[in-house]
Amino acid sequence: MLRASATPRRRAPEGPDHAPKPRSHGITHLDSDDVALRICLVTPFAWSQPHDINEHVAGVAAALRDRGHSVTVLAPSNRASDLAAGRRSLRDGASAPLIAVGPAVPISRRSRIGLPVGVRANLSAALARGGFDVVHGFEPGLPSLSYVALRDARALTVASFFSPERLGYPPGRAQRERLLTRTDALVAASPEAAHAAAQRFPGEYQIVEEGVDTELFRPATKRKLVVLEWRPAERPLAKAVLRALRQLPDWELVFLRTKSLAGRPTIPAKLRGRAHVRTARDGRSRAAILNEAAIFVPALGGLSRVSLEAAAAGAAIASPPGVHEQPELAAAALARLAENEPLRRQLSEEARRSVEGKTFADVAAELEEIYTGLGRRRKGTLQQSVAKSDEPLADREWILADLHLHTSWSSDCAVEVEHVLDRAETIGLGAIAVTDHNVFGGALEAVELARDRGLTVIPGEEVKTDGQGEVIGLFLSEEIPRGQSFADTVKAIKDQGGLVYVPHPFDRLHAIADPATLHRHLADIDVFEVYNARLLFEAYNDEALRFARKYNLTMGAGSDAHVFQGLGTGGLRMRAFDGPEEFMLSLRSAEILRRPKSLAYLQSLKWVAQVKERVR
């Protein structure tokens, strides 16, 4: 999926300590034609230590800046100077290229990640003050800054997964679903990573591979040098390579250690003059070795970044099929390459070609396309932001409207249609939407009975889809059958000229659409219910409000009443309207009204009514 950049490529940094300062430029909005974005990249790994994810983040950040964007990296760090600079940046407005929001917390001898303990306030301040268009979290399957940033960000969000080993958090399904709801794009560095991530975080993944600096890693004068990526647990591979080296008297071997505390291989006395151990944890130090290497033998469980760098450096890669089961095959491939210079040169050229389209500039171009594509999901103007001078239907009177209620035509409601209309008028409602479950007769009856009343009735139906929750159609003319897919239900509503109203979208006590379905159908949603008076947990309404604001969705509210006493407990104050077009105009300036009553009281009345119906 990587595409070549349309702009001249500059040299990208080889490590996190070399991130350049951003250039000054005008920032426009994400959904404008001339896109220059404010981007936040969040890494969970300590910036003060070399790490392959941090190298990727640093390279992508530099390339995005070269494309005219403003990029801020948020990371933990154990370097005092980083922490002091981070505090100054938070105080001054969160505009630095790097903001260290707190120290990293050790979770093992070999890695440190920034946990959301003691740094959450700094992270929240950075996200709030940065005014970011996009927040991009790397490896959010860890209990880390990336996870918290994606969960709490108000901007559009992207999650990137690299390793199948970093997917254990959060443990609860509800937490993962909340994260998916707040994540707008899922990215994986490989099909294998996407497959593993999809088991924990289901969704549609885009493959954006790791980037490499092809100016830093480029073929130098090759010498008879073999580089083996060292892993202590892979001693059979090391022994096989050492045996092959005995038969190659003119060749040298470097055991390349890319991790701290990685142990030290045992080198036979006869090979000590030709076999050496080198530690190179960052790109610059590895480049000096790999650029001269003629052959590279990757570790069986090594870093994909190191193999990518070796290919960019033009080393012939000795990693034949089946090597994971039989490490000796790597030694055989090494011996063959050492003795066959034309083959070695051919594989070196193939390796170099294999990194075409994988530079940091290419990765930045692909990410830029993802970022700007997310901006197109947003709709027009938030209804709360409409100025009074621009208010549509300003000459109309204000009315109270309940956009979601039921009658006896629903199997779980015993209130007759006429009694619903009487009650609505008694409590001062000017408009109601009758939305019975999977039937349309109640809405038609309500429209007919309301002809001589001062009450506007919107004919609707709450339709149960096939596994993706419920969708309400407003301004319908005929019944829509239940059990269709979400997409087909939406199409059936649109075919009638109706409006798509999504009720209680995050009430996990009911069947609801999954995050991917909601994101896929954003353009089809006319009204998004941000307040439902019957929800047990107010947090579900808050999540809907957050989602609607993020995507500029037109907001709706209703009581979801199934008993007399529930009518009007949720709704809108809006201008009087006539027909679906004026209804949508009126919603632009509408105000959400919350008049909750005890849910236990209302639910008990509903149960009593249902029992009485069954006894009759």
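Here the structure is shown first, and the text comes after it.
Residues numbered from 1 in each chain as written. Predicted model: local features only at pLDDT ≥ 70, side-chain atom pairs only at ≥ 80, totals over all residues. Heavy atoms only, no water.

Caption draft 1: Focus on the packing of aromatic side chains. Within the structure shown, the criterion is met by twelve aromatic pairs. Judged by centre distance (5.0 Å) and plane angle (85°), the rings of Tyr147 and Tyr169 are edge-to-face. You can see Tyr147 sitting in helix 4 (residues 145-152) and its partner Tyr169 sitting in the loop between strand 7 (156-161) and helix 5 (173-182), a full 22 residues away along the chain. Pairing Phe528 with Phe547 gives two aromatic rings, centres 5.2 Å apart and planes at 25°, and the pair type is stacked. Taken as a pair, Phe528 in strand 20 (residues 527-532) and Phe547 in helix 17 (residues 538-551) lie far apart in primary sequence, 19 residues in all. Phe547 carries the same exposure label as Phe528, and that label is buried. Aromatic ring contacts, followed pair by pair, group Phe506, Phe528, Phe547 and Tyr551 into a single cluster. (Phe/Tyr/Trp six-rings, centres within 6.5 Å; stacked < 30°, edge-to-face > 60°. Helix = DSSP H or I, 4+ residues; strand = E, 2+ residues; numbered from the N terminus. Buried < 20%, exposed > 50% of the residue type's maximum accessible area, 1.4 Å probe, protein only.)

Caption draft 2: Spatial organisation of the packing of helix 13 (residues 417-426) against helix 14 (residues 441-449). At a closest axis distance of 9 Å, the pairing of helix 13 and helix 14 adopts a crossing angle of 55°. On the basis of the axis angle, helix 13 is oblique to helix 14. Taken as a pair, helix 13 and helix 14 cross one another with a handedness that is right-handed. Contacts from Val417, Glu418 and Leu421 of helix 13 reach helix 14 at Gly442, Glu445, Ala446 and Leu449. A per-class count over the contact of helix 13 with helix 14 returns four nonpolar, one polar and two charged. (Axes fitted to C-alpha atoms, helices over the stretch in contact; angles between N-to-C directions. Parallel < 35°, antiparallel > 145°, perpendicular 65-115°, else oblique. Left-handed = near helix turned anticlockwise from the far one by under 90°. Contact = heavy atoms within 4.5 Å. Nonpolar A, V, L, I, M, F, W, Y, C, P; charged D, E, K, R; others polar.)

Caption draft 3: Molecular detail of a positive patch on the surface. Taken together, the side chains of Arg235, Lys239, Arg243, Arg246 and Lys270 present a region of like positive charge at the surface. You can see Arg235 is positioned in helix 7 (residues 235-246). (Patch = residues over 30% accessible without salt bridge, like charges linked within 9 Å, V, L, I, M, F, W, Y side chains within 5 Å. Areas by Shrake-Rupley, 256 points an atom, 1.4 Å probe, with all protein chains shown as cover. Salt bridge = Lys/Arg side-chain N within 4 Å of Asp/Glu carboxyl O. Lys, Arg positive; Asp, Glu negative; His and termini not counted. Charge placed at Lys NZ, Arg CZ, Asp CG, Glu CD.)

Caption draft 4: Local environment of the sheet that holds strand 17 (residues 456-464). Strands sit in the order 21-20-19-18-17-16-15-22-23 across an open sheet of nine strands; the sheet is mixed. This sheet does not close on itself; its edge strands, each paired only once, are strand 21 (555-558) and strand 23 (591-594). Between one strand axis and the next, the sheet turns through 30° on average, direction left out of account. In terms of strand pairing, strand 15 (residues 398-405) meets strand 16 (residues 431-437) through three bridges, oriented parallel. Bridge pairing in strand 16 places Leu405 opposite Val434. Running over the sheet, helix 15 (residues 486-495) touches strand 17, strand 18 (470-474) and strand 19 (499-502) and is turned about 5° from strand 18. (Pairing = 2+ DSSP bridges.)

Caption draft 5: Inspection of unusual backbone geometry at higher detail. In this chain, Tyr169 is followed by Pro170 through a cis amide linkage whose omega measures -5°. By secondary structure assignment, the location of Pro170 is in the loop between strand 7 and helix 5. Of note, Leu393 is a non-glycine position whose phi angle comes to about 55°, a positive value. As for its placement among the helices and strands, Leu393 is situated in the loop between helix 12 (360-375) and strand 15. By relative accessible area, Leu393 is classed as buried at 14%. In the Ramachandran plot, His504 falls in the positive-phi region, its phi being about 25° despite a non-glycine side chain. If you trace the backbone, His504 turns up in the loop between strand 19 and helix 16 (515-520).

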